[in-house]
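Each chain is listed here by its residues.
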Amino acid sequence: MTFYGRNNINLKILVLAGGFDQIALIKELQCRGHEVILADFLENPPAKRWVKEHFQVSTLDEDAIYRLALQEKVDLVVTACTDQALLTVAKVSEKLQFPFYLSSFITQNITNKAYMKKIFRENDIPTTDWVLVENTPNAFIKIKQCLKYPFLIKPCDANSSKGVVKVNNDEELEEAINGAFSISRSKTVIAENYMEGQEISIDVWKDNEGTKILLISGTNKLKTNEGKFTIYQSQYPVILSETVKYKIQDIAEKICEAFDLNNTPLLIQAIVSEDEISIIECSARMGGGSKYKFIEKMTGIDIMKVYVNRILGDTAQCIAPVPLNKAAEMDYVYAYNGVFQELIGFQDNVDSGNICELFQYKTAGSKIDQRATSSDRILGFLIAADTYDELLEKRYKILEQADILDTDGNSIMYKECFY
């Protein structure tokens, strides 16, 4: 595989998905002299203004992306920090004989929850009991025969927690499973036992030296969204026993071996309860929600740069993360329903040093009608301090000074979760 970056070849590259995270990917490619065009189903995705041309095409429409790649005579198709578009990239790249760090076979296994769970089971990777359900009249019976309430319903092929619901009774089950089937492109759903505990996110890089844990962060979710799983905060560090730390390293190595992953990012989501750990899911990508900056801040590793090296063909690079002895968190801000118009006080906190990095995910004029998934976030901000108490003090100061206004000048910032 050619490492284009060292040959100084200027490429025309098609990036799939135009969210905020993909802006960092686009900039990194452009700073190396490559031309970038964008495919995203939205009319005005955040990354649109950073590229020469934007095509309003779904990143999940493999045939349309293939035709676009041919039409525009691109040299490479890539994406970053998003799950389901990985499969499109892998399949289109194979058709066009473009290099990509994942085969379509590997990508199918790691983006479809049913295939993923099967591989977990076959390779002694701890996960909750689960059952695969197809859209047939006996779907409800099959789930209730295998699992006891409460349990989770998940579309097999969706991201951003879309369609993921905790159900406690028959009435909730019917609504949840119908919603999941409507989202799933393959019309398949898994139901899995619900496990109480602390949810963690594990960011990994697998290189030729081994499986390297970059960051373990705690994941906090809105408690007001009953039965849903809307992330509002990632916290570092996480207090874990030595037993759990050992298990995390062992499981990360098992996942890389089971899915045949090498020279790749890996994101693992898990639940920890005392000294037990259960894997929710994994993906061969960097985390979304500006996680690349969180990793860079806490380890000194510019993971987006490392990732771009990899998608351009570098399989020799090895990294050495050095975790900082600091407290940090990525806070994601949502809003009450309305039309987002203006941010107040956030830039002042950047200027004063309270906020390390600010990420605005929505543009003025965006209509807000829910707080259900990560795509509903208005913005995120990264803060860090020497101690957790100092971190809390910074957060409260920011929340006191900052606000989100609608078109009538009313406050619509949702702050309750942070208190």
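Focus: the nonpolar core
Within the largest apolar cluster, 116 residues are counted, with the highest numbers of intra-cluster contacts made by Leu14 and Leu25. By residue number, the principal contributor to this core is strand S14 (residues 327–335), which donates seven residues. In this structure leucine 14 touches Ile37, Leu38, Ala39, Ile65, Leu68, Ala69, Val74, Leu76, Val77 and Val78, once residues within four positions along its chain are discounted. Counting residues in each nonpolar core, the second largest holds 15 residues, with Ile143, Leu147, Phe181 and Ala191 among its members.

Some points on a negative patch on the surface
A cluster of like negative charges, contributed by Glu171, Glu172, Glu174 and Glu175, occupies part of the molecular surface. Looking at where glutamate 175 falls in the secondary structure, it is placed in helix H8 (residues 170–183). Here glutamate 175 falls in the exposed class, since its relative accessible area comes to 64%.

A look at the packing of aromatic side chains
Using the criterion set out here, one finds ten aromatic pairs in the structure. Ring geometry for phenylalanine 20 against phenylalanine 359: centres 5.8 Å apart, planes inclined by 90°, an arrangement best described as edge-to-face. Pair noted here: phenylalanine 20 is in helix H2 (residues 20–30) and phenylalanine 359 is in strand S16 (residues 357–360), with a separation of 339 residues, a long-range link. Aromatic side chains tyrosine 232 and phenylalanine 418 sit 5.5 Å apart centroid to centroid with 85° between the ring planes, which places their arrangement in the edge-to-face category. Placement of the pair is tyrosine 232 in strand S11 (residues 231–236) and phenylalanine 418 in the segment after strand S20 (413–414), with a sequence separation of 186 residues. Each member of the pair, tyrosine 232 together with phenylalanine 418, is buried. Among the aromatic residues, those joined into a ring-pair cluster are Phe20, Phe359 and Tyr361. In this arrangement the basic side chain of lysine 95 is found over the ring face of tyrosine 66, its NZ or CZ atom lying 5.0 Å from the centre. Here the basic side chain of arginine 377 rests over the ring of tyrosine 332, its NZ or CZ set 3.7 Å away from the ring centre.

Looking at the sheet that holds strand S7 (residues 165–167)
Here we have four strands laid out as an open sheet, ordered S5-S8-S6-S7, and antiparallel in their pairing. Unpaired on one side and paired on the other, strand S5 (130–134) and S7 mark the two borders of the sheet. The mean angle between the axes of side-by-side strands here comes to 25°, regardless of whether they run parallel or antiparallel. Direction of pairing for strand S6 (residues 151–155) relative to strand S8 (residues 188–193): antiparallel, over a ladder of five bridges. Bridging from a neighbouring strand, leucine 152 pairs with glutamate 192 of S8.

Calculation notes
Residues numbered from 1 in each chain as written. Predicted model: local features only at pLDDT ≥ 70, side-chain atom pairs only at ≥ 80, totals over all residues. Heavy atoms only, no water. Core = buried A, V, L, I, M, F, W, Y, C linked by side-chain atoms within 4.5 Å. Buried < 20%, exposed > 50% of the residue type's maximum accessible area, 1.4 Å probe, protein only. Helix = DSSP H or I, 4+ residues; strand = E, 2+ residues; numbered from the N terminus. Contact = heavy atoms within 4.5 Å. Patch = residues over 30% accessible without salt bridge, like charges linked within 9 Å, V, L, I, M, F, W, Y side chains within 5 Å. Areas by Shrake-Rupley, 256 points an atom, 1.4 Å probe, with all protein chains shown as cover. Salt bridge = Lys/Arg side-chain N within 4 Å of Asp/Glu carboxyl O. Lys, Arg positive; Asp, Glu negative; His and termini not counted. Charge placed at Lys NZ, Arg CZ, Asp CG, Glu CD. Phe/Tyr/Trp six-rings, centres within 6.5 Å; stacked < 30°, edge-to-face > 60°. Lys NZ or Arg CZ within 6 Å of the ring centre and 35° of its normal. Pairing = 2+ DSSP bridges. Axes fitted to C-alpha atoms, helices over the stretch in contact; angles between N-to-C directions.

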